[in-house]
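Letter by letter, the chains look like this.
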Amino acid sequence: MLKYILKRLAFLPFVMFGVTFLLFFCLQFLSPEMRASLYIKDPRQLSQLDAVIEKYGLRKPMPVQYVIWLEQVVRGDLGYSETAKMPVSEAITAFFPATFELTLTAFFPILIVGVFFGVPSAVYKDRLLDHVSRFVAITGYSLPSFVLGLVLLMIFYGRLQWLPPGRYTLETDMLVHGSAFSHWTGLLTLDCLLNRQWAALGDVLRHMILPACTLLYISVALLLRITRSSMLEELG
């Protein structure tokens, strides 16, 4: 498994280069005016369109634009996120704690389930457990995470009303943004624990069940494939 991971990490820079270069190539099918319009928030700013094109070098050859973008990335300028309505660096700072918290919550279940089913799947190849494991691996690896998340929401929130959507309730939102709540770590569950807000902690954990299950299923699929392949290689 370690050899597999190291091999994938070695190819990572080449993959990142290829993906970003391909994206830049595809963006060339859009005119400079169309790309610059993303920075225009008000129709009255249309007169500044040429200035935006000149500022970001959108009329320069694609390789030149790509080199400029790489230089900006090295300096820490990742651009502006139209989705988050803020610079990308600020968006990462704002949303990273929640992402990291969710990853920590799902990490050990992913590891346990992936290894627990991946090893027997290789040992009992072509038996019932192996077929189930391969089904989970194939569906989880091919199913987009947002589709699985929506399906789980439809079932457990929309239909059964068992689990809530979002990150927390209005009461918890008012509590964590109040002056009496101390943000020690930026991780909501840990901060609730340190502030001894047990009701808020339970509410946050309850809201994390569906996102954690989505991440668990998608990630277990990959770990199952790696574990099974590695075990089969060792078993000969």
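Here the structure is a predicted model, which is why all the values come from computation and not from measurement.

Undergrad: Looking at this structure, I do not really get a nonpolar patch on the surface. What am I missing?
TA: A cluster of nonpolar residues, Phe107, Phe108, Leu111, Ile112, Val115, Phe116 and Phe117, forms a patch on the protein surface that exposes about 700 Å² of accessible area. If you trace the backbone, phenylalanine 117 turns up in helix 5 (residues 88–123). Here phenylalanine 117 falls in the partly exposed class, since its relative accessible area comes to 32%.

Undergrad: Can you help me understand the nonpolar core in this one?
TA: In globular proteins that are soluble, nonpolar side chains generally tend to be buried together. With eight residues, the main nonpolar core is built from Val176, Phe181, Leu188, Cys192, Ala200, Leu201, Val204 and Met208. For this core, the secondary-structure elements that each account for two or more residues are helix 9 (188–194) and helix 10 (198–235). Examining the composition of this core, we find that four residues originate from one element, helix 10, more than from any other. In contact with valine 204, other than residues within four places in its own chain, are Arg167, Tyr168, Thr172, Leu188, Thr189 and Cys192. Grouped together as the second largest cluster of nonpolar side chains are seven residues, Ala106, Ala137, Val220 and Leu223 included.

Undergrad: Help me understand the side chain of threonine 214, please; the structure alone is not making it clear to me.
TA: Summarising the element assignment, threonine 214 is placed in helix 10. Discounting residues that sit within four places of it in the chain, threonine 214 has contacts with Ser145, Leu148, Gly149 and Leu152.

Undergrad: Just checking my understanding: could you explain helix 3 (residues 49–56) for this structure?
TA: Side chains three or four residues apart in an α-helix point the same way, a direct result of the helix having 3.6 residues per turn. The complete set of buried residues in helix 3 reads Leu49, Val52 and Ile53. End-on view of helix 3: buried residues confined to an arc of 100°, all on one side of the axis. With respect to the buried face of helix 3, the exposed residues turned more than 90 degrees away are Glu54 and Lys55. Just past helix 3, the residue glycine 57 takes up positive phi, approximately 60°.

Undergrad: What is the right way to look at helix 4 (residues 62–74) in this model?
TA: With 13 residues, helix 4 should cover 18 Å at 1.5 Å per step; its first-to-last C-alpha distance of 19 Å lies within 8% of that length. Of all the residues in helix 4, the buried ones are Met62, Gln65 and Tyr66. Axial view of helix 4: buried residues confined to an arc of 100°, hence all on one face. Downstream of helix 4 by a residue or two, glycine 76 has a phi angle that is positive, lying close to 95°.

Cut-offs used in this document
Residues numbered from 1 in each chain as written. Predicted model: local features only at pLDDT ≥ 70, side-chain atom pairs only at ≥ 80, totals over all residues. Heavy atoms only, no water. Patch = residues over 30% accessible without salt bridge, like charges linked within 9 Å, V, L, I, M, F, W, Y side chains within 5 Å. Areas by Shrake-Rupley, 256 points an atom, 1.4 Å probe, with all protein chains shown as cover. Salt bridge = Lys/Arg side-chain N within 4 Å of Asp/Glu carboxyl O. Helix = DSSP H or I, 4+ residues; strand = E, 2+ residues; numbered from the N terminus. Buried < 20%, exposed > 50% of the residue type's maximum accessible area, 1.4 Å probe, protein only. Core = buried A, V, L, I, M, F, W, Y, C linked by side-chain atoms within 4.5 Å. Contact = heavy atoms within 4.5 Å. Arc of directions from axis to C-beta. Expected span 1.5 Å × (residues − 1).

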